[in-house]
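# Observations on the model geometry
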Amino acid sequence: MTAPVRSTCPYCGVGCGVLLSPEAGGGITVAGDPDHPANRGRLCSKGAALGETVGLAGRLLQPQIGGQATDWDTAMELVAGKFRAAIAEHGPDSVAFYVSGQMLTEDYYVANKLMKGFIGSANIDTNSRLCMASTVAGHRRAFGTDTVPGTYADLDAADLIVLVGSNLAWCHPVLHQRVLAAKARRSTKIVVVDPRRTATCDGADLHLPLAIGSDVALFSHLLVALYEGGALDAAYLRHVDGFAQTLEAAMGGTLDPTGLDPAQVAQFCRMWLAHEKVVTIFSQGVNQSASGSDKVNAILNCHLASGRIGRPGMGPFSVTGQPNAMGGREVGGLANMLACHMSLEDPAHRAAVQTFWDAPAMPEAPGLKAVEMFEAVADGRIKALWVMHSNPAVTLPEADAVRAAIRASSFAVVSDITAETDTARLADVLLPASAWSEKSGTVTNSDRTISRQRAVRRAPGAARPDWWQMAELGRRLGWRMAFDYAHPVEIFREHAALSGIAGGFGLDFDISGLAGISTQDYDDFAPQRWPIAARQGGRFFADGRSFHADGKMRMIPVRHRPPAARLAPRFPFRLNTGRIRDQWHTMTRTALSPRLSAHLAEPFVELHPADAAALGIAPDTLVEVTSPTGRAILRALLTDRVQSGEVFAPMHWTGETAPSARIDALVAAVTDPISGQPESKASVCALRPFGA
Ligand code: SF4
């Protein structure tokens with residue numbers, strides 16, 4: 001019997017290690033890897049069911065043009081011809097890549113290099129824009145780089161863990177188990193800040209059900225309480241700019257927008273004051289907001305002012321939704337980033353990257369962020385679009401408009417493992433991609449640990465890795481040498497070498513110690529957290545030194561802003577969207593597992609029983625939910641876990657599994673002005689019994 005192969009779960013940003021044992025009939029047995037530092041053998045329901053999702057049902061096996069099977073050469077000649085013609089006639093900004101946090105770092109690297117260095121546009125953005133862009137913006141404002149200060153080990157050492165806008169129990173279950181284990185072992189206190197009473201609240205000491213979108217008001221109040229309670233760290237504040245202005249802004253606010261019981265808030269503040277070792281975990285409830293960047297900085301402000309950052313058991317800690325959102329950020333796979341945490345706006349950084357790549361062109365300004373990109377598809381500015389491993393016709397806000405834009409676009413390429421997504425059905429050219437367990441490369445999880453994904457079987461049919469597909473476009477556009485990769489290790493080495501330039505600029509992301517990695521060592525690569533060599537202990541910011549040019553940290557004055565969409569008599573409910581425990585994104589993989597689908601079998605809307613009674617909505621009946629941009633038919637789930645006046649609906653269901661359950665069709669396409677992240681949790685809607 002051969003030994004199982006070590007790989008990584010393809011779902012959430014916890015990045016659990018898995019052991020893969022191929023079976024004779026083509027299946028794969030999946031177990032948790034006891035040696036992986038992220039999970040020590042544990043898996044959640046989704047990871048444990050991975051073996052049920054690797055069949056060939058629904059797989060895309062051949063390239064297709066206009067729905068007809070073809071070969072790679074024909075398909076890529078058409079793709080290259082369309083991109084070449086658009087660039088020649090309309091300039092480099094007339095083309096765009098929309099990529100994914102599902103992609104491996106090597107895939108992401110090649111896509112970013114091709115678009116930014118060779119095509120000469122920054123029009124590459126990713127579905128991570130919907131996930132973590134506000135955190136990236138907040139980090140860069142405070143620290144000068146997109147640096148996650150904490151590690152998972154901090155959860156083991158914390159005395160107080162505050163979860164903000166994070167249903168960790170469902171969305172990062174193995175990490176939640178780690179939090180609960182810390183509580184059992186050392187009585188760690190847990191506070192959940194969330195409009196909903198989620199499953200995560202079940203293990204909490206305190207739940208603060210704040211009004212949707214009011215996080216800045218709460219954390220500004222906390223900053224004032226830290227000041228008045230004598231919990232500021234004067235020594236650390238010598239390294240911080242902006243304290244006085246930030247405190248003044250905080251003092252100008254009130255708790256009123258939160259709608260919280262002042263006694264509960266006072267208890268929260270006392271807990272902060274009583275414990276030095278505080279970790280604040282935050283996720284999509286913070287990020288997916290028109291004031292997401294300010295929310296992030298409101299949290300960071302409290303940690304900076306109290307010096308609770310960078311030391312064991314303390315610090316702000318963003319947990320990413322996707323398996324490789326972090327790797328995508330590292331390669332610069334967002335429209336407003338360069339590579340290796342270098343800055344697109346910095347001429348020295350641009351010049352250094354251009355020289356390293358021997359690239360013909362570099363954009364000087366950010367490209368189109370996700371929502372803007374599909375607006376440009378709609379109005380015809382984008383002439384050729386390539387969507388990789390994402391389903392924007394379902395997941396972007398105002399999804400009906402996005403679907404119409406792709407359908408009417410001049411030329412759309414979609415590469416995916418299946419032709420059965422709403423977006424794939426709109427493609428002019430469909431390209432078959434290698435799936436998890438068939439492709440090799442690296443991913444970075446939420447605590448900066450780089451791990452390998454490994455292939456344990458051949459890709460079926462003509463499916464090819466994403467890095468190969470992007471490199472093939474680069475070669476056909478005339479840049480043969482720059483994209484002459486034969487193996488992902490060559491890309492990894494190049495990425496690591498490029499990071500040495502970032503290190504030379506004094507930036508955080510420097511894995512250049514791995515630039516000479518042998519193929520054997522890449523094959524054997526064990527999980528490793530960066531920084532690899534630049535700083536000891538895998539920690540940042542304990543010394544108060546930031547990556548801003550002056551080395552100082554920044555507190556950012558922030559003030560509460562209500563959600564952009566205003567409640568009105570026609571749309572009196574606040575619509576919150578999110579994940580459920582056993583599904584992933586638009587269910588292309590998890591829906592293949594019967595046991596995962598058994599958890600919550602159909603799309604639903606959670607609403608408060610008092611609201612249901614007022615509207616004449618009975619339990620388990622169908623409800624029509626409408627917003628200014630769309631309509632959905634969902635099953636009524638009556639629960640006091642949501643507050644009156646607010647409703648929650650999951651993001652997963654598509655046009656196929658339930659024709660009117662694409663909830664993002666109802667979400668307004670308003671975005672954070674700094675991060676460009678859509679406000680996916682604060683749209684407005686109306687409800688009525690279906691058919692009434
Ligand atoms: Fe996979 Fe996340 Fe579950 Fe771990 S917690 S098994 S990474 S889905």
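Sequence positions are assigned chain by chain, starting from 1 and proceeding in written order. With pLDDT at 70 or above as the cut-off, local features in this predicted model cover only qualifying residues; side-chain atom pairs require 80 or more to be listed or tallied, and sums for whole chains, interfaces and linings still use all residues.

Looking at an unreviewed UniProt entry, one finds the protein chain named Assimilatory nitrate reductase (NADH) alpha subunit apoprotein, with Roseivivax lentus as its source organism.

### Focus: the overall build of the protein chain
Elements are defined by DSSP. Helices are runs of H or I of four residues or more, strands are runs of E of two residues or more, and each kind is numbered from the N terminus. Summing up its helical and strand segments, the protein chain has 23 helices and 26 strands in all. Radius of gyration (C-alpha) of the protein chain: 24 Å, near the 26 Å computed for a compact globule of 692 residues. Considering only C-alpha atoms, the protein chain reaches an extent of 65 × 65 × 60 Å along its principal axes. Neighbour density around each residue's C-beta defines its exposure: 20 or more other C-beta atoms within 10 Å make it buried, 12 or fewer make it exposed, and counts between make it partly exposed, where C-beta atoms are placed from the backbone. Burial analysis of the protein chain (692 residues in total) assigns 61% to the buried set. Residues are scored as being in contact if the C-beta atoms we place from backbone atoms lie within 7 Å. Counting contacts in the protein chain only where the partners sit at least 6 residues apart, residues at least 24 apart contribute 75% of the total. With the radius of gyration taken over C-alpha atoms, the globule rule is written as 2.2 Å times the number of residues to the power 0.38.

### Side note on the sheet that holds strand β8 (residues 160–164)
Here the rule is simple: two strands pair whenever DSSP picks up at least two bridges between them. The strand order β10-β9-β8-β12-β13 describes an open sheet built from 5 strands, whose pairing is parallel. Of all the strands in the sheet, the pair left with one neighbour each is β10 (206–208) and β13 (315–318). Averaged over all pairs of adjacent strands, the angle between strand axes in this sheet comes to 20 degrees, irrespective of strand direction. When strand β12 (residues 278–282) meets β13, the two strands line up parallel, connected through 4 bridges. Residue V279 lies in a different strand from β13, and its bridge partner there is G315. For helices, the axis comes from a line fit to the C-alpha atoms of the stretch in contact; other axes are also lines fit to C-alpha atoms, and the angle between any two N-to-C directions lies between 0 and 180 degrees. In the packing of helix α13 (residues 292–305) onto the sheet, contacts are made with β8, β12 and β13, and the angle to β13 comes to roughly 155 degrees.

### A closer look at the site of the ligand
Any residue qualifies as near a molecule or strand once its backbone-derived C-beta atom lies within 6 Å of it. The environment of the ligand is made up of 14 residues, and the closest members are C9, C12, C16, C44 and G47. Elements represented by at least two residues in the shell around the ligand include exactly α1 (45–48) and α7 (173–186). Counting only domains with at least three residues in the shell around the ligand, you end up with domain 1 (5–53) and domain 3 (133–319). Each domain's extent was defined by an automatic or database domain assignment.

### Observations concerning the nonpolar core
Among buried residues, those of type Ala, Val, Leu, Ile, Met, Phe, Trp, Tyr and Cys that are joined through C-beta atoms within 7 Å form a set called a nonpolar core. Formed by 221 residues in total, the largest nonpolar core has its most connected members in I161, L385 and V647. Ignoring any residue separated from it by four or fewer positions in sequence, one finds V647 in contact with F573, L575, N576, V605, E606, L607, V642, C685 and L687.

### Considering the domain arrangement of the protein chain
When the parts of a complex come together, some accessible area is lost, and that lost area is often used as the size of the interface. Its domain assignment divides the protein chain into domain 1 (5–53), domain 2 (64–130 + 324–484), domain 3 (133–319) and domain 4 (573–689). Taking the mean C-alpha position of each, domain 2 and domain 4 sit 29 Å from one another. Facing the 17 residues of domain 2 at the interface are 20 residues of domain 4. Mapped by element, the contributors of at least two residues to the side of domain 2 that touches domain 4 are α16 (370–378), α17 (392–395) and α18 (399–408). Gly is put with the polar residues, along with every residue not named as nonpolar or charged; the nonpolar set is Ala, Val, Leu, Ile, Met, Phe, Trp, Tyr, Cys and Pro, and the charged set is Asp, Glu, Lys and Arg. Across the side of domain 2 that touches domain 4, the residue classes tally to 7 nonpolar, 4 polar and 6 charged.

### A closer look at the pairing of strand β17 (residues 441–444)
The alternating pattern of β17 places G441 and V443 and T442 and T444 on opposite faces, both of which are buried. Summarising the sheet, β17 and strand β18 (residues 449–453) pair through 4 bridges and their orientation is antiparallel. Note that in β18 the partner of V443 across the bridge is S451. The antiparallel hairpin formed by β17 and β18 contains 4 residues in its connecting segment, where R448 sits at a positive phi of about 70 degrees.

### Details of the sheet that holds strand β3 (residues 28–32)
Through backbone hydrogen bonds, the strands of a sheet pair up, either in parallel or in antiparallel fashion. The 3 strands lie next to each other as β1-β2-β3, forming an open sheet whose pairing is antiparallel. Edge positions in the sheet fall to β1 (5–8) and β3, since each has one partner strand and no second. Sheet twist, expressed as the average angle between the axes of neighbouring strands with direction ignored, equals 35 degrees.

### Quick look at the packing of helix α3 (residues 105–119) against helix α20 (residues 488–504)
Two elements in contact, α3 and α20, have axes separated by 9 Å at closest approach and are oriented at 65 degrees. In terms of their interaxial angle, α3 and α20 are classed as roughly perpendicular. Crossing of α3 over α20 shows left-handed handedness. Two secondary-structure elements touch here, α3 through T105, E106, Y109 and V110 and α20 through P488, I491, F492 and H495. Throughout, the term roughly parallel applies to angles under 35 degrees, roughly antiparallel to angles over 145, roughly perpendicular to angles from 65 to 115, and oblique to all others. In a left-handed crossing the near helix is turned counterclockwise from the far helix by less than a right angle, and in a right-handed crossing that turn is clockwise.

### A closer look at unusual backbone geometry
Cis geometry marks the peptide bond from W530 to P531; its omega dihedral reads 10 degrees. Mapped onto the fold, P531 is located in the loop between β19 (528–529) and β20 (553–554). Even without glycine at this site, H389 takes up a positive phi of about 50 degrees. Here H389 lies in the loop between β14 (384–388) and α17. The buried category is assigned to H389, around which 23 C-beta atoms lie within 10 Å. For S437, which is not glycine, the phi dihedral falls at a positive 85 degrees. For S437, the position within the fold is in the loop between β16 (429–432) and β17.

### Things to note about the environment of G41
Note on placement: G41 falls in the loop between β3 and α1. For G41, a count of 15 C-beta atoms within 10 Å gives the class partly exposed. Sequence separation of G41 and L19 is 22 residues, and the distance between their C-alpha atoms is 9.0 Å. The residues touching G41, leaving out its near neighbours within four places in the chain, are G32, D33 and P34.

### A short note on helix α11 (residues 262–274)
The length a helix should cover is 1.5 Å for every residue beyond the first. For α11, which comprises 13 residues, the first-to-last C-alpha distance of 18 Å matches the rise-based estimate of 18 Å (1.5 Å per residue) to within 8%. Among the residues of α11, F268, C269 and W272 are the ones counted as buried. End-on, the buried residues of α11 take up no more than an arc of 95 degrees, which puts them together on one face. In α11, the exposed positions that point more than 90 degrees away from the buried face belong to A263, A266 and R270. For α11, the secondary structure elements touched by its buried residues are β8, β9 (189–193), β10, α8 (215–228) and β12. For this quantity, the arc is that covered by the directions from the helix axis to the C-beta atoms.

### Considerations on the UniProt feature "domain: 4Fe-4S Mo/W bis-MGD-type" (unreviewed entry) in the protein chain
UniProt positions are given in the numbering used here, feature names are shortened, and annotations may be inferred rather than shown by experiment. What UniProt calls "domain: 4Fe-4S Mo/W bis-MGD-type" (unreviewed entry) maps, in this numbering, to residues 2–58. Summarising residues 2–58: 7% helix, 26% strand, and an end-to-end C-alpha distance of 29 Å.

### With respect to the packing of helix α4 (residues 133–143) against α13
Where α4 meets α13, the axes come as close as 8 Å, and the angle between the chain directions of the two elements is 45 degrees. As summarised for this structure, α4 and α13 are arranged oblique, according to the angle between their axes. The element α4 and its partner α13 pack so that their crossing is right-handed. Contact residues: S134, T135, A137, G138, R141 and A142 in α4; G292, S293, K295, V296, N297, L300 and L304 in α13.

### Overview of α8
Across its 14 residues, α8 extends 20 Å between first and last C-alpha, which sits within 8% of the 20 Å expected from 1.5 Å per residue. Counted residue by residue, α8 has 10 buried out of 14 residues, so it is predominantly covered. Here α8 has its buried residues at D215, V216, A217, L218, F219, S220, H221, L222, L223 and L226. Where α8 is buried, its residues contact β8, β9, α10 (243–251), α11, α12 (284–287) and α13. With its phi angle positive at about 70 degrees, G230 sits one or two positions after the end of α8.

### Let's talk about the environment of L304
Looking at the element boundaries, L304 is found in helix α13. With 32 C-beta atoms packed within 10 Å, L304 lands in the buried category. Sequence separation between L304 and A462 is 158 residues; the distance between their C-alpha atoms is 52 Å. Residues contacting L304, with those up to four places away along its chain left out, are A142, V240, I309, M553 and M555.

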